[in-house]
Every structure is written in C-alpha cells, then in structure tokens.
Amino acid sequence: PGVPLVFLSTHKSQLDGLLLSFLLFSQGLGVPRVTVGEQVCSPLLRALLSRLGGIFLPSRMEQTLSDRDEGLPGAVLATYVEEVLRSRQPLLIFLEEPPVALCLSAPAREWLALVYRAVRDGAIPDVLLVPVGIAYDVVP
C-alpha cells in the first residue's frame, strides 16, 4: 500500500513480537519496528531487542501520558516514529501487556498518541491500522 502499516496486536506471550515479526517478514511486509513499553527486562535483553528493531519509550514518558511537551527524549522519540512511518517501515504496537491483558496499556496509549500526532501534524498523510493477533491453546 501507499501508506505506512501500523499493526495493532494483543500481547499474550513474550514470543508474540518474534513470531509476528517472522510472519510479517515471510509475507513480504518487511520486519516491523516493535514498540516496547514498560516491560522489565535485563540490559542484555534490552540491547538485543534494540538491535532487532525494538523501540523503547523513555522511562519518563511511561509515567506521564499527555499531549504536552515531554522534553528532549519525547521530541526525539516523536521524530523517530515520524521517520519510521515516513519511510513506510511497518510498526507493531502491542495494545496490552502480559500477564494482565484486559485493557489498553499505558505504553500502548502513548505509542498510539505518537502515531496520531504524526498524522495530525502532517508528517505523514495517513496510516493503515491493521489488527493482528496470535491465538494460543496454551500460552507459552
């Protein structure tokens, strides 16, 4: 398509990001940039996820959700998300965080706000929001 793809997914397992990335790549849609919220992970895992295309919210942004200026880290992240979308790289946003997957998570709201602001401010003309998910008989 002529617009960037933003995949919105439920998050049942820590394997979801890897599986969805593989599935999207195998279907010719590219490897998505995977948004990472407030999940606690070791510095080694964080470094690995960064090298695999993970995008992390600055810790201050995870705690405050508003449209006001978030300082330099927020401005850098907003510009980065705009560039990802402008270059039509797929973006994968998890709407909830395991193990409590009952409502829209705070990081998901912030990621969606960044995409909304990119469209609202004219950085990109439009995005295609694509709901995706993986169903498990037993969550790994």
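Everything numeric in this text was worked out from a predicted model, so none of it was measured.

Caption draft 1: Structural context of the sheet that holds strand 3 (residues 54-56). Read from one edge of the open sheet, five strands run 3-2-4-1-5, paired in parallel fashion. The open sheet terminates on both sides in strands that have one partner only, identified here as strand 3 and strand 5 (128-132). Taking the axes of each pair of neighbouring strands and ignoring which way they run, one obtains an average angle of 30 degrees across the sheet. Sitting on the sheet, helix 1 (residues 16-26) touches strand 1 (5-9), strand 2 (33-36), strand 4 (91-94) and strand 5, and the angle it makes with strand 4 is about 150 degrees. Contacts from helix 5 (residues 106-120) reach strand 1, strand 2, strand 3 and strand 4 within the one sheet, and its direction differs from that of strand 4 by about 145 degrees.

Caption draft 2: Structural detail: the pattern of salt bridges. Considering all chains together, one arrives at three salt bridges under this definition. Residues Glu83 and Arg86 are paired through a salt bridge, measuring 2.1 Å at the closest nitrogen-oxygen approach. Pair noted here: Glu83 and Arg86 are both in helix 4 (residues 71-86), with a separation of three residues, about one helical turn. The exposure class of Glu83 is partly exposed, given its relative accessible area of 40%. The partner of Asp121 in a salt bridge is Arg120, with the nearest N and O atoms 3.0 Å apart. What makes Arg120 partly exposed here is its relative accessible area of 41%.

Caption draft 3: Quick peek at the pairing of strand 1. With five of its five residues buried, strand 1 lies for the most part within the structure. In this sheet, strand 5 lies alongside strand 1 in parallel orientation, the contact comprising five bridges. Note on strand 5: the bridge partner recorded for Val6 is Leu129. Across four bridges, strand 1 lies against strand 4 in parallel orientation. Bridge pairing in strand 4 links Leu8 to Ile93.

Calculation rules
Residues numbered from 1 in each chain as written. Predicted model: local features only at pLDDT ≥ 70, side-chain atom pairs only at ≥ 80, totals over all residues. Heavy atoms only, no water. Pairing = 2+ DSSP bridges. Helix = DSSP H or I, 4+ residues; strand = E, 2+ residues; numbered from the N terminus. Axes fitted to C-alpha atoms, helices over the stretch in contact; angles between N-to-C directions. Contact = heavy atoms within 4.5 Å. Salt bridge = Lys/Arg side-chain N within 4 Å of Asp/Glu carboxyl O. Buried < 20%, exposed > 50% of the residue type's maximum accessible area, 1.4 Å probe, protein only.

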